[in-house]
Amino acid sequence: MSYKVKDIGLAEQGKLKIEWAEQQMPVLMSIRKDFEKAQPFKGVTVAACLHVTKETAVLVRTLKAGGAIVGLSASNPLSTQDDVAAALASEGITVFAWKGQNNDEYYWGLNQLLELKPNITLDDGADVISTIHSKRTDLLKNVFAGQEETTTGVIRLKAMAADGALKYPIIAVNDTPTKHMFDNYYGTGQSTIDGILRATNIMLAGKTVVVCGYGYCSAGIALRSDGMGANVVITEVDPLKALKAAMDGYRVMPLKEASKIGDIFITATGDKNILRAEHFQLMKSGAILANSGHFNVEISIPDLESLSKERKKINENTEEFTLKTGNKLYFLAEGRLVNLAAAEGHPSAVMDMSFADQALVCEWLVKNYKTLTPVVHDVPKEIDEKVARLKLKSMGVEIDSLTDEQKHYLGSWQEGT
Ligand code: ADE
């Protein structure tokens, strides 16, 4: 079987969506043109476990245009856009993804994908890499290298490398500036608000929004909540990030304090049980709980259930928990990343850069994987710079360059006061 999607009849609608994304992804489209000529992936199989969105489809089409055999499975049970999955399947791409997979179905899809025996793995959350290393070690001999797209995945992989458990090299696409400074910050900022608004249509102006964490993703959420007129409170465990949040003008306080005043709570920390019983018990009735971190572990569902006497769905992405005290808490998208489960993920224009990084790293890996040790590596600097330059060009933004005299000055130490 080369695909399993919700409804192959949705393919035409999916194709229109992908074309819309292509219009807004000029960097990736220019890379596609180069790949069509150079065919860098002849004989290379790429297994991608990514959010199955219109933007991911543009990446998949680009790798295919470069000669790759590409397969795709979902990196989250709720993030698949069914029409996009259908469109890709109708183009002959191996796809195992539909929205609303249960855990068994999710891993079934991932294991079907692995039947392609990939040379390169693309992950968003490290599930392919960890499955190959635990249950499908027979596949290790085929794999040249992998890429990881998200902060949570990079943390998992660095832990694997530190344990000596990592058996093939990984490029941490997440950690490159053209990814995290834009996708994590502006992308997560906008799409998280989008997901919360699509699920609830609440007014943000005048509300107190508590953002748990102040990494790139959470800082982006704070920025955009502030821009919509909310009073933003940050909670942190890292003193440097907390200090940055305070100097960016936000109130910073312990989560137990923030629990008493928040109207909307948004987690994006990468860790588990951030919001738990001790916080739910302090919250005002009507508070909204959303997660934008990779896994659905940041808001404790067992704690919510054990404190509640009733749980009911009030729309596709909002559930009402009535606590035994009578207070009501509103839980979005089953605690899965609200930006992809309740909205469409990051806008195409920002995924243009992240996926341009991925496409160029694939090309670089085919040429260079033999030189790499099995640890987590950075994206080569020249790829990052190329993506930034192409993006600026597509935006019609020109920049200056150093004069010879300035270059000499920067390379010397003799000139001083
Ligand atoms: N991660 C966040 N937004 C995304 C999108 N639109 N497509 C793929 N992965 C994403």
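About the cut-offs
- Once a new chain begins, its residue numbering starts again from 1 and follows that chain's sequence as written.
- Under the rules for a predicted model, residues below a pLDDT of 70 receive no local features and side-chain atom pairs below 80 are neither given nor counted, while totals for whole chains, interfaces and linings still include all residues.
- To get the side-chain values, take all heavy atoms of the structure and skip hydrogens and water.
- The criterion for a residue being near a molecule or strand is simple. One of its heavy atoms has to lie within 4 Å of it.
- Polar contact is defined as a pair of N or O atoms within 3.5 Å, subject to the rule that within protein one atom must be able to donate a hydrogen and the other to accept it, and that residues adjacent in sequence are counted only when both atoms are side-chain atoms.
- What sets the accessible areas is the Shrake-Rupley method with a 1.4 Å probe; for residues, cover comes only from the shown protein chains.
- In this text, helices come from DSSP runs of H or I with a minimum length of four residues, and strands from runs of E with a minimum of two, each type numbered from the N-terminal end.
- When residues are sorted by character, Ala, Val, Leu, Ile, Met, Phe, Trp, Tyr, Cys and Pro go into the nonpolar class, Asp, Glu, Lys and Arg into the charged class, and all the rest, Gly among them, into the polar class.
- The aromatic pairing rule takes the rings of Phe, Tyr and Trp, using the six-membered ring of Trp, and pairs them if the centres are within 6.5 Å, calling planes under 30 degrees apart stacked, those over 60 edge-to-face and the rest tilted.
- Each residue's exposure class comes from its accessible area (1.4 Å probe, protein chains only) as a fraction of the maximum for that residue type: buried when under 20%, exposed when over 50%, partly exposed otherwise.
- By definition here, charges over rings are those cases where NZ of Lys or CZ of Arg is within 6 Å of the ring centre and within 35 degrees of the ring normal.
- Angular values range over 0 to 180 degrees, each being the angle between N-to-C directions of two axes fitted as lines to C-alpha atoms, with helices fitted over their stretch in contact.
- When describing relative orientation, an angle under 35 degrees is termed roughly parallel and one over 145 degrees roughly antiparallel, while 65 to 115 degrees is termed roughly perpendicular and anything else oblique.
- It is the rotation of the near helix from the far one that decides the hand of a crossing: anticlockwise by less than a right angle makes it left-handed, clockwise makes it right-handed.
- Whether two residues are in contact is decided by their heavy atoms, any of which lying within 4.5 Å being enough.
- What a helix should span is 1.5 Å times the count of its residues minus one.
- Comment: arc refers to directions from the helix axis out to C-beta atoms.
- Fitting axes to the seven residues that end at a residue and to the seven that start at it, the angle between those axes gives the bend at that residue.

J.: I tried to follow the site of the ligand on my own but got confused; where do I start?
T.: Surveying the vicinity of the ligand reveals the residues His51, Thr53, Glu55, Thr56, Leu340, Glu344, Gly345, His346, Met351 and Phe355. In the environment of the ligand, a nitrogen atom lies 2.7 Å from a nitrogen or oxygen atom belonging to the side chain of Thr53. Here a nitrogen atom of the ligand and a backbone polar atom of His346 are 2.9 Å apart. Out of a free accessible area of 260 Å², the ligand has 95% covered by protein chains. Counting only elements with at least two residues in the shell around the ligand, the list comes to helix H3 (54-65) and helix H15 (348-368). Considered class by class, the residues forming the shell around the ligand number three nonpolar, five polar and two charged.

J.: Can you help me understand the packing of aromatic side chains in this one?
T.: Aromatic ring pairs are described here by two measures, namely the spacing of the ring centres and the angle between the planes. All chains considered together, the criterion is met by nine aromatic pairs. Where Phe96 meets Trp108, the ring centres are 5.6 Å apart and the plane angle is 90 degrees; that geometry is what we call edge-to-face. With Phe96 in strand E4 (residues 94-96) and Trp108 in helix H5 (residues 103-114), the pair connects residues that are twelve residues apart, well separated along the chain. Taking the relative accessible area as the measure of exposure, Phe96 reaches 1% and is therefore buried. Taking the relative accessible area as the measure of exposure, Trp108 reaches 30% and is therefore partly exposed. Between Phe144 and Tyr369, the aromatic rings sit 4.0 Å apart at their centres with planes inclined by 10 degrees, giving stacked as the arrangement. With a gap of 225 residues between them, Phe144 in the loop between helix H6 (127-134) and strand E6 (145-148) and Tyr369 in the loop between H15 and strand E16 (376-377) connect regions that are remote in the sequence. An aromatic cluster of at least three residues, connected via ring pairs, comprises Phe96, Trp98 and Trp108. Above the ring of Trp98, the side-chain terminus of Lys4 is found at 4.9 Å from the ring centroid.

J.: So what exactly am I meant to see when it comes to the packing of helix H8 (residues 177-200) against helix H9 (residues 216-227) here?
T.: Two quantities define a packed helix pair, namely the angle between the axes and the distance from one axis to the other. Look at H8 against H9: their axes get within 7 Å of each other, and the N-to-C directions meet at 50 degrees. Our classification of the angle between H8 and H9 gives oblique. At the point where H8 passes H9, the crossing takes the right-handed sense. Facing His180, Met181, Asn184, Tyr185, Tyr186, Thr188, Gly189, Gln190, Thr192 and Ile193 of H8, the residues of H9 in contact are Tyr216, Cys217, Ala219, Gly220, Ile221, Leu223, Arg224 and Ser225. Of the residues assigned to the contact of H8 with H9, the class counts are nine nonpolar, eight polar and one charged.

J.: What is the right way to read H5 from this model?
T.: One turn of an α-helix holds 3.6 residues; hence residues three or four places apart share an orientation. Spanning twelve residues, H5 covers 17 Å between terminal C-alpha atoms, matching the ideal 16 Å at 1.5 Å per step. Taken together, the buried positions of H5 are occupied by Tyr106, Gly109, Leu110, Leu113 and Leu114. Down the axis of H5, the sector holding all buried residues measures 145 degrees, keeping them to one side. The residue sitting at the N-terminus of H5 and contributing the capping side-chain oxygen is Asn102; that oxygen lies 3.1 Å from the backbone nitrogen of Asp104.

J.: Even after reading the chapter, I still don't get unusual backbone geometry, so can you show me in this structure?
T.: Note: most residues except glycine have negative phi, and most peptide bonds are trans. Despite not being glycine, Asn273 has its phi angle at roughly 50 degrees, a positive value. Mapped onto the fold, Asn273 is located in the loop between strand E11 (264-267) and helix H12 (277-280). Even without being a glycine, Glu334 presents a positive backbone phi close to 55 degrees. Mapped onto the fold, Glu334 is located in the loop between strand E15 (328-332) and helix H14 (338-341).

J.: Just checking my understanding: could you explain H8 for this structure?
T.: In this model H8 runs 33 Å from its N-terminal to its C-terminal C-alpha over 24 residues, within 8% of the 34 Å that 1.5 Å per residue would give. Taking the largest bend as the criterion, H8 deviates by roughly 35 degrees, centred on Thr188. Just beyond H8, the residue with positive phi is Asn201, at close to 50 degrees.

Geometric descriptors of this kind do not, in isolation, establish any biological role.
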